[in-house]
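Observations on the three-dimensional arrangement
Okay, here's what each chain looks like letter by letter:
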Amino acid sequence: MPSLCSTMAIPPNQPSPAPSLNPLRKPLVRVLLLTVICSLSYFLGFYKSITPTPPQSPPCLLHLKNLTTTPQNPPQPLNFEPHHSLSLPPKTQEDSFPFCPHNFTNYCPCQDPYRETQFNTSRFFNRERHCPKKNETLRCLVRDPAGYRRPFLWPKSRDYAWFNNVPFPGLTVFKKKQNWVRLEGDRLFFPGGGTSFTMGVKGYISEMNRIVPLKSGSVRTVLDVGCGVASFGAALMDYNILTMSIAPRDIHEAQVQFALERGLLAMLGILSIHRLTYPSRSFDMAHCSRCLVPWTAYDGLFLMEIDRVLRPGGYWVLSGPPINWRAHYKGWERTPRDLENEQQNLEDLARKLCWKKIKEMGPIAVWQKPTNHIHCAQKLKTWKAPKFCVDADPDAGWYRKMDACITPLPEVKNIHDISGGAIEKWPKRLNTVPQRIRIGAIVGVTIRTFNEDNQLWKRRVSYYGSVLKSLFAGQYRNIMDMNAGIGGFAAALVNYPVWVMNVVPSDAKNNTLAIIYERGLIGTYMNWCEPFSTYPRTYDLLHADGLFSMYNDKCDILDILFEMYRILRPHGAIVVRDHVDTIMKVKGITDRMRWTGKVLHSERGPFHPEKILFIDNSE
């Protein structure tokens, strides 16, 4: 009986179909044919690979260790703009952003003297940061002063500045007897004098070195409160010491601006209502030379803030009233009894902080903070005040109010232990894994990632130097890393004549600023939705790694770029690393700011979305 399938396939009374004449319908033939085609393709490819070809231009991005940039072989800028078949009208001057009025040449948005009058003067609150509201934001390009010239190169800039760049003659008159600064023709000369530097700042530091081991490498980061023109910080550079010099905008005409013009690390700041913008245990030494801070007022609040940022075993150095009052009370125009009472109150407050007075010699007195709080905790139980703070985050330093309490040090088991762990001496501490990383205090940052980050930034900085010819030629001095991470960028530049302000955004995922200080580097907290605490034209190079993606949904990046324009020197440079879409958005804005930029691949290669925007005005 025939099967159902055969019955359906060949109807009755129909002839059987003729066999197919197409050989490709046979499976074996198809397999053989595909094998022949694949073999031919392989041999053709192999032949091409071994056949000599004429030399070709290198790819856009080489491995960084082999990358060289010469006038004959420069990195080629990338173009992500749409290519239109129709020609577009050229950009006109109307497309560019307007310049600010001439009276905004030295504009400091958050330290504006006109806005200052709107706030209470109690505890100097009016001198703190008071930034413009969104509807008050100035969206224009801050002009250069008439006759502006490129600053002197370091180290000459330490002693000289062009008068037209900081055209304020008042300080040369007001501080003439103290020899802070002199006007010599068209330039300013900084001889190294100061309020307490009767024998010059170098002699002053030489006296201090007899008490504090400045040459040992144990003192690397210093806070100078009420810094004047930062001559103290300038002199400490001879000891490989970095000094964060702070002072408010004051009646003496932009002292911090003088300091930055000299190529010295400085920023606007004051002890008032809020904490200083630094983490706890940051500085190896704090210094005040007749800085006029009322240390014993407000229950000792300001000295307790110094205690918070001072490292265990760190030094506090004070000169000026009331130190050595017997020899100076007439010049200070104060009564001996008044000064004696002030010194007694100061000594009493230092004891309550558990500080030990090391020595008072001539105009200088030095105290040392304990290395742990074992004995201090026992003493405070018998005193009514002060008490230990109960704040869960002693590192918080962005608009966090100060409290009249002692910031507790990390607990230790033995009286001889150092709270938070011992810190290596400079320069070994730069590449030693910080204690906060060893104990896992920062999420996602391990010993391995720390070491990898160091190597990564060495390669990146090498690449930057191949594009920005002035980076290693001494043209840049004041550098800012606007999103510093753990300080790898600054560490890679440590052997060059530059200093880096490492900025850690206050709203970053990880608070890494304390790690930066443990490495012997220096920096501050910042929210980039607000202007920075500095004067215009005070930085030579701005570096922004992932910054604009971070703030894209938090505020208008246009305002960040206006701020960058304000603080960048006319011959400065900018490096922006970010996603290609963000890079092109930023470039569209910087073109309207009359900056010329070029986009290049990052070290991750042409197929990775991260790109780099270079803006170089140094030529």
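Because the structure is a prediction, the values reported are computed rather than measured.

Thresholds, definitions, all that
- Residues numbered from 1 in each chain as written.
- Predicted model: local features only at pLDDT ≥ 70, side-chain atom pairs only at ≥ 80, totals over all residues.
- Heavy atoms only, no water.
- 1 Å grid on protein atoms, 1.4 Å probe; cavity = no way out; pocket = protein on both sides within 12 Å on 5 of 7 lines; lining within 4 Å.
- Points joined across faces, edges and corners; volume = space filled by probe spheres on them.
- Helix = DSSP H or I, 4+ residues; strand = E, 2+ residues; numbered from the N terminus.
- Nonpolar A, V, L, I, M, F, W, Y, C, P; charged D, E, K, R; others polar.
- Disulfide = S-S within 2.5 Å.
- Buried < 20%, exposed > 50% of the residue type's maximum accessible area, 1.4 Å probe, protein only.
- Core = buried A, V, L, I, M, F, W, Y, C linked by side-chain atoms within 4.5 Å.
- Contact = heavy atoms within 4.5 Å.
- Expected span 1.5 Å × (residues − 1).
- Salt bridge = Lys/Arg side-chain N within 4 Å of Asp/Glu carboxyl O.
- Phe/Tyr/Trp six-rings, centres within 6.5 Å; stacked < 30°, edge-to-face > 60°.
- Pairing = 2+ DSSP bridges.
- Axes fitted to C-alpha atoms, helices over the stretch in contact; angles between N-to-C directions.
- Right-handed = clockwise from strand over helix to strand, strands pointing away.
- Polar contact = N/O pair within 3.5 Å; in protein donor to acceptor, adjacent residues only side chain to side chain.

So, the layout of surface pockets
- For the largest pocket, the calculated volume is near 760 Å³.
- The wall of the largest pocket is formed by 37 residues, among which G226, D250, R290, C291 and L292 lie closest to the centre.
- The set of elements that each furnish at least two residues to the lining of the largest pocket consists of β4 (221-225), α6 (231-236), β5 (242-247) and β7 (283-289).
- Grouping the amino acids of the lining of the largest pocket by side-chain chemistry returns 20 nonpolar, 12 polar and 5 charged.

With respect to the state of the cysteines
- Taken as a whole, this structure holds 6 disulfides when the rule is applied.
- Here C100 connects covalently by a disulfide to C140, the sulfurs 2.0 Å from one another. Taking the torsion about the S-S bond as the criterion, the C100 to C140 disulfide, at about 100°, is right-handed. Here the residue C100 occupies a position in the loop between α2 (27-50) and α3 (113-116), and C140 occupies one in the loop between α3 and β1 (160-162), the gap between them amounting to 40 residues. Here C100 and C140 have matching classes, each one buried.
- Here C288 connects covalently by a disulfide to C291, the sulfurs 2.0 Å from one another. Measuring handedness by torsion sign, the sulfur bridge of C288 and C291 sits at about -95° and is left-handed. C291 matches C288 in its accessibility class, with the two residues each being buried.
- When the bonded cysteines of the chain are numbered from the N-terminus onward, they pair as 1-4, 2-3, 5-6, 7-8, 9-10, 11-12.

What about empty space enclosed by the protein?
- Tallied over the full model, the rule gives 5 cavities of 30 Å³ or more.
- Taken together, 23 residues form the lining of the largest cavity, with R129, L268, G269, I270 and T277 sitting closest to its centre.
- No other element matches the 3 residues that strand β13 (residues 523-526) contributes to the lining of the largest cavity.
- Here the residues of the lining of the largest cavity are counted per class, giving 11 nonpolar, 7 polar and 5 charged.
- There is about 80 Å³ of room inside the second largest cavity.

Some remarks on the nonpolar core
- Core analysis: the largest hydrophobic core is formed by 134 residues, its most contacted members being L223, M244, W295, W316, M480, M501 and W528.
- If you tally residues by element for this core, the top one is helix α17 (residues 557-567), at 8 residues.
- Beyond its immediate chain neighbours, meaning those up to four positions away, W528 contacts M480, M482, V503, P505, L547, Y551, C555, I560 and E563.

Notes on helix α13 (residues 447-467)
- In a regular helix each residue adds 1.5 Å, so 21 residues correspond to 30 Å; α13 covers 31 Å between its end C-alpha atoms and thus fits that length.
- If you check which residues of α13 are buried, you get F450, D453, N454, W457, R460, V461, Y463, Y464, G465, S466 and V467.
- Structurally, α13 contributes buried residues whose contacts are with α12 (435-438), α14 (488-492), β14 (539-545), β15 (568-579), β16 (597-601) and β17 (610-616).

Structural notes on the pattern of salt bridges
- Enumeration according to the criterion identifies 34 salt bridges in this entry.
- For the salt bridge of R311 with D284, the shortest nitrogen-to-oxygen distance reads 2.8 Å. Of this pair, R311 sits in strand β8 (residues 310-319) while D284 sits in strand β7; the two residues are 27 residues apart in sequence, bridging distant segments of the chain.
- Among the residues examined, R311 registers a relative accessible area of 8% and is labelled buried.
- R569 serves as the salt-bridge partner of D540, at 3.0 Å between the closest nitrogen and oxygen. Here D540 is found in strand β14, whereas its partner R569 is found in strand β15, with 29 residues between them in sequence.
- Residues joined by salt bridges that share partners form a network here, namely R460, D545, R577, E603, R604 and E610.

Details of the packing of aromatic side chains
- Inspection of the entire model under this criterion finds 25 aromatic pairs.
- For the ring pair F119 and F125, a centre distance of 6.0 Å and an interplane angle of 80° mean the geometry is edge-to-face.
- The partly exposed category is assigned to F119, whose relative accessible area is 28%.
- Classification of F125 as partly exposed rests on a relative accessible area of 24%.
- Between the aromatic rings of Y278 and F283, the centroid separation amounts to 5.4 Å while the plane-to-plane angle is 90°, which identifies the pairing as edge-to-face. Like F283, Y278 is buried.
- Taken together, the ring pairs connect W457, Y463, Y464, F489 and F614 into an aromatic cluster.

Section: the pairing of strand β9 (residues 356-361)
- Relative to strand β10 (residues 364-368), β9 is paired through 5 bridges, and the arrangement is antiparallel. Looking across to β10, one finds that M361 is bridged to I364.
- Between the end of β9 and the start of β10, which pair antiparallel, lie 2 residues, with G362 showing a positive phi angle near 60°.

Considerations on the sheet that holds β1
- The strand order across the open sheet built from 3 strands is β1-β3-β2, with neighbouring strands paired in antiparallel fashion. Both outer strands of the open sheet, β1 and β2 (182-184), are each paired with one neighbouring strand and no more. In this sheet, neighbouring strand axes are inclined to one another by 30° on average, regardless of whether the strands run parallel or antiparallel.

Quick word on the pairing of β13
- Taken together, the 4 bridges between strand β12 (residues 499-505) and β13 define a ladder with parallel strand orientation. Of the residues in β13, the one forming a bridge with V504 is Y525.
- Taken together, β12, helix α15 (residues 513-518) and β13 form a β-α-β motif whose crossover is right-handed.

Considerations on the side chain of H274
- Here H274 shows up in the loop between β6 (266-268) and β7.
- One polar contact links H274 to E128, side chain to side chain, over a distance of 2.6 Å.
- Apart from the residues within four sequence positions on either side, H274 is in contact with F125, E128, Y399, R400, K401 and M402.

Here we look at helix α10 (residues 336-352)
- Across its 17 residues, α10 extends 25 Å between first and last C-alpha, which sits within 8% of the 24 Å expected from 1.5 Å per residue.
- Where the residues of α10 are buried, they touch α8 (301-309), β8, α9 (325-328), β9 and β10.
- Following α10 by one or two positions, C354 has its phi on the positive side, about 70°.

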